[in-house]
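Structure assessment
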Amino acid sequence: MFGLGKGAKRFSGTRRTSGVSSSLRSKSWFGAGLFATLFALTLAFAGPARAQDTRLPVGVSFSILSDIVKAVGGDRIDVTTLVGPDQDTHTYEPTPADVAKLAGTKLFFVNGLGFEGWLPRLMKSSHYTGQLVTVTKGLKPRTMVDDGKTITDPHMFQDPERVKTMVDNIAAALSQADPAGATYYAARAQNYRVALDEVIAWAKKQLAPIPPSRRVVLTSHDAFGYLGMAFEIKFLAPEGVSTESEASARDVANLIRVIRKTGIKAVFMENISNPRLVERIAHDAKVTVDGKLYSDALSKNPEATTYLQLFQYNIRALATAMKDNR
């Protein structure tokens, strides 16, 4: 009833764009400390939150987006998330229970751009009467050509600069549904944008010492193209933009040749993907897997329970691996 279809194609590289290194006032501004400080200020002037039994009920498609929606909505919303931490949105199959959860919500926030491949069937089967909010609206997607077909990359949330527009779209939708909370949502959105600006500046500082020749990374599927564009990192992946696509023997062999030729040192698994493919490639190419990156989902692990934590963890892991002179 809610099955997924095959569709995404393989891709093994990304475009580059220029980045400017930026200074950082203090590392103490990051993570939970920054989040707590900013939101304490928000609550001090944004107006009263709603009582629990009058909160605006909203649905969200997956965990990363859910965290961002909660950051903007605060105590005025009650959030139902379909795809939780460490779960793969690409391969997720909605159940009748999900239809029931969604029925009680007034807004349903989704990434769009084909990220939730099951969304059309869910909408048709649920007869959803609330408002569907696509948070990537207004953003120009990254595309690639594979086998003569143009494919859209939906993973915009990997670039915090683009997340700022997503935050604005979330605040606008919440304000329209709950006009009394408009000031509250706007204040929280602005503070989250400040937090995003801070982590962007921090990331540029972490990556600044790494020469372009070392900014090459192998990971499971092509989920980090926007991150690569934003911070001049080239990501190679045996799988396409969706974890449903399968790497061919030719793709794997080509990647092994590239690793041996270029001396790539940064090799990662992902929290939502089966590690065996990357481990096999690393073994055959005689390189070491550096650990994992968080791609399409938050985690129950403490280093990635929020989007800001996820981003910082990934940048630290990437910078460390790319600096490695093994």
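Here the structure is a predicted model, which means the values were calculated and not measured.

**Let's talk about the nonpolar core**
Membership of the largest hydrophobic core comes to 74 residues, with the highest contact counts inside it found for Phe109 and Leu174. Other than its neighbours up to four places away in sequence, Leu174 contacts Leu56, Val58, Val72, Gly73, Ile77, Leu107, Phe109 and Tyr185. With 8 residues, the next largest nonpolar core counts Ile256, Ile264, Val267 and Ile281 among its residues.

**Concerning the side chain of Glu116**
With respect to the element layout, Glu116 can be found in the loop between strand S3 (107-110) and helix H4 (119-126). For the buried Glu116, which has no salt bridge, the nearest side chain bearing the opposite charge is Arg121, at an N-O separation of 14 Å. Contact partners of Glu116, with chain neighbours within four places excluded, come to Ser61, Phe62, Thr89, Val110 and Asn111.

**A word on the sheet that holds strand S7 (residues 216-218)**
The parallel open sheet is built from 3 strands, whose spatial order is S8-S7-S9. The two strands at the open ends of the sheet, each matched to only one other strand, are strand S8 (234-236) and strand S9 (266-267). Inspection of the sheet shows S7 paired to S9 by 2 bridges, in the parallel sense. Across the sheet, residue Leu218 finds its bridge partner in S9, namely Val267. Sheet contacts for helix H10 (residues 307-323): S7, S8 and S9; angle to S7, the most-contacted strand, approximately 110°.

**Examining the sheet that holds strand S4 (residues 131-134)**
The 4 strands lie next to each other as S2-S1-S3-S4, forming an open sheet whose pairing is parallel. Two strands close off the open sheet at either side, each with one partner strand: strand S2 (77-83) and S4. Going across the sheet, the axis of each strand differs from the next one's by a mean of 25°, ignoring polarity. Sheet topology note: the strand S1 (residues 56-62)/S3 ladder contains 3 bridges and is parallel. Residue pairing in the sheet places Val60 in a bridge with Phe109 of S3. Along the sheet face, H4 touches S2, S3 and S4 and points at about 170° away from the line of S3.

**Looking at H10**
Compared with an ideal rise of 1.5 Å per residue, which puts 17 residues at 24 Å, H10 spans 24 Å between its outermost C-alpha atoms and is within 8% of the ideal. Along H10, 12 of the 17 residues are buried, which leaves the element largely enclosed by surrounding structure.

**Observations concerning the pattern of salt bridges**
Tallying each qualifying case throughout the model produces 7 salt bridges. For Asp197, the salt bridge is made with Lys164, and the minimal N-O distance between the two is 2.7 Å. Separated by 33 residues along the polypeptide, Asp197 in helix H6 (residues 182-207) and Lys164 in helix H5 (residues 160-177) bring together distant segments of the chain. Exposure remark for Asp197: the relative accessible area of 40% places this residue in the partly exposed category. Via salt bridges that share partners, Glu161, Lys164 and Asp197 belong to a single interconnected network.

**So, the confidence of the model for the chain**
Considering every residue of the chain, the mean pLDDT works out to 80; 69% of them sit at 70 or more. Per-residue pLDDT stays below 50 along residues 1-46; that stretch engages in 114 contacts with residues further than four places along the chain or on separate chains. In the predicted structure, residues 240-244 sits below a pLDDT of 50 and forms 31 contacts with residues beyond four places in sequence or in another chain.

**A look at the packing of aromatic side chains**
Applying the stated criterion across every chain, the model contains 9 aromatic pairs. Measuring from centroid to centroid gives 4.8 Å for Phe62 and Phe115, while their planes differ by 55°, and the two rings are tilted. Pair noted here: Phe62 is in strand S1 and Phe115 is in the loop between S3 and H4, with a separation of 53 residues, a long-range link. There is no split in this pair, since Phe62 and Phe115 are both buried. Ring plane angle 75° and centroid distance 5.4 Å describe the contact between Phe115 and Phe157, whose orientation is recorded as edge-to-face. Here the residue Phe115 occupies a position in the loop between S3 and H4, and Phe157 occupies one in the loop between strand S6 (149-153) and H5, the gap between them amounting to 42 residues. Summarising the burial analysis for this pair, Phe115 and Phe157 share the class buried. Three or more aromatic residues joined by ring pairs form one cluster here, namely Phe62, Phe115 and Phe157.

Parameters and conventions
- Residues numbered from 1 in each chain as written.
- Predicted model: local features only at pLDDT ≥ 70, side-chain atom pairs only at ≥ 80, totals over all residues.
- Heavy atoms only, no water.
- Core = buried A, V, L, I, M, F, W, Y, C linked by side-chain atoms within 4.5 Å.
- Buried < 20%, exposed > 50% of the residue type's maximum accessible area, 1.4 Å probe, protein only.
- Contact = heavy atoms within 4.5 Å.
- Helix = DSSP H or I, 4+ residues; strand = E, 2+ residues; numbered from the N terminus.
- Lys, Arg positive; Asp, Glu negative; His and termini not counted.
- Salt bridge = Lys/Arg side-chain N within 4 Å of Asp/Glu carboxyl O.
- Pairing = 2+ DSSP bridges.
- Axes fitted to C-alpha atoms, helices over the stretch in contact; angles between N-to-C directions.
- Expected span 1.5 Å × (residues − 1).
- pLDDT = per-residue confidence, 0-100.
- Phe/Tyr/Trp six-rings, centres within 6.5 Å; stacked < 30°, edge-to-face > 60°.

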